[in-house]
Amino acid sequence: MTGRAAIETLIKDAYEARHRGDLDAVMGYFHRDCSYRLSGASAPAPMFVQPTGHAAVRAQMAELIGAFVFSNVETLALTIEDDRAALHWRADVLCVPNGRSAAFEIMDLFTIADGKILSLVQFTDTAGVTQLTGS
């Protein structure tokens, strides 16, 4: 994929799909050889697994979509260079299973290939996520 505008649209559309809970649409933005990693956990909880491949990432995204609802989403910065992008954003996050909520800042690093998300590494306050979920 070439072009900043195309990558920006890809990321924006993927996140809009995620925020409305549309798993099929979300996975349409991921490359067949994709990977996803929520970075920072020293003792991995189930949400911190690191799936590779479309089916494994889909299973992880289904769990995350079912467990967390985002509101008051705000993009703070988006940087794109060649086939890589960094998105800094914040949102209020509701943990569906227990009804707790908290505000989080998140930094996502992308690698794009063939017009799709090849890899996504997500950084956030994993201690806060653990507290939010009660894990």
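Residues numbered from 1 in each chain as written. Predicted model: local features only at pLDDT ≥ 70, side-chain atom pairs only at ≥ 80, totals over all residues. Heavy atoms only, no water.

*Asks:* Please provide a residue-by-residue account of the environment of Glu 74, values included.
*Replies:* Note on placement: Glu 74 falls in strand S2 (residues 68-81). On the basis of relative accessible area, Glu 74 is assigned to the partly exposed category, the value being 34%. Apart from the residues lying within four places of it in its own chain, the contact partners of Glu 74 are Trp 89 and Arg 90. (Helix = DSSP H or I, 4+ residues; strand = E, 2+ residues; numbered from the N terminus. Buried < 20%, exposed > 50% of the residue type's maximum accessible area, 1.4 Å probe, protein only. Contact = heavy atoms within 4.5 Å.)

*Asks:* So what's going on with the pairing of strand S4 (residues 101-113)? Which residues, and what values?
*Replies:* Judged from the 11 bridges that link them, strand S3 (residues 84-95) and S4 form a sheet pairing that is antiparallel. Each residue of the ladder has a partner; that of Ala 85, found in S4, is Phe 110. Counted between consecutive antiparallel strands, the loop separating S3 from S4 contains 5 residues, among which Gly 99 sits at a positive phi close to 80°. Bridging between S4 and strand S5 (residues 116-123) involves 7 bridges; their strand directions are antiparallel. For Asp 108, the partnering residue across the bridge sits in S5 and is Gln 122. Linking two consecutive strands that pair antiparallel, namely S4 and S5, is a turn of 2 residues; a positive phi of about 55° is found at Asp 114 within it. (Pairing = 2+ DSSP bridges.)

*Asks:* Can you lay out the pairing of S3 for me, pointing to particular residues and giving the numbers?
*Replies:* Here S2 pairs with S3 via 11 bridges, running antiparallel. Counted as the bridge partner of Glu 81 is Arg 84 from S3. Linkage of S2 to S3, two consecutive antiparallel strands, is achieved through a turn of 2 residues, within which Asp 82 is found at a positive phi near 55°.

*Asks:* Could you give an account of the layout of surface pockets, with specific residues and numbers?
*Replies:* Its boundaries defined by the atoms lining it, the largest pocket holds a volume of some 200 Å³. Mapped onto the lining of the largest pocket, the elements with two or more residues apiece are helix H1 (4-19), S2 and S3. The element best represented in the lining of the largest pocket is H1, accounting for 6 residues. Across the lining of the largest pocket, the residue classes break down as 6 nonpolar, 2 polar and 3 charged. (1 Å grid on protein atoms, 1.4 Å probe; cavity = no way out; pocket = protein on both sides within 12 Å on 5 of 7 lines; lining within 4 Å. Points joined across faces, edges and corners; volume = space filled by probe spheres on them. Nonpolar A, V, L, I, M, F, W, Y, C, P; charged D, E, K, R; others polar.)

What is shown is where atoms sit, not what they do.
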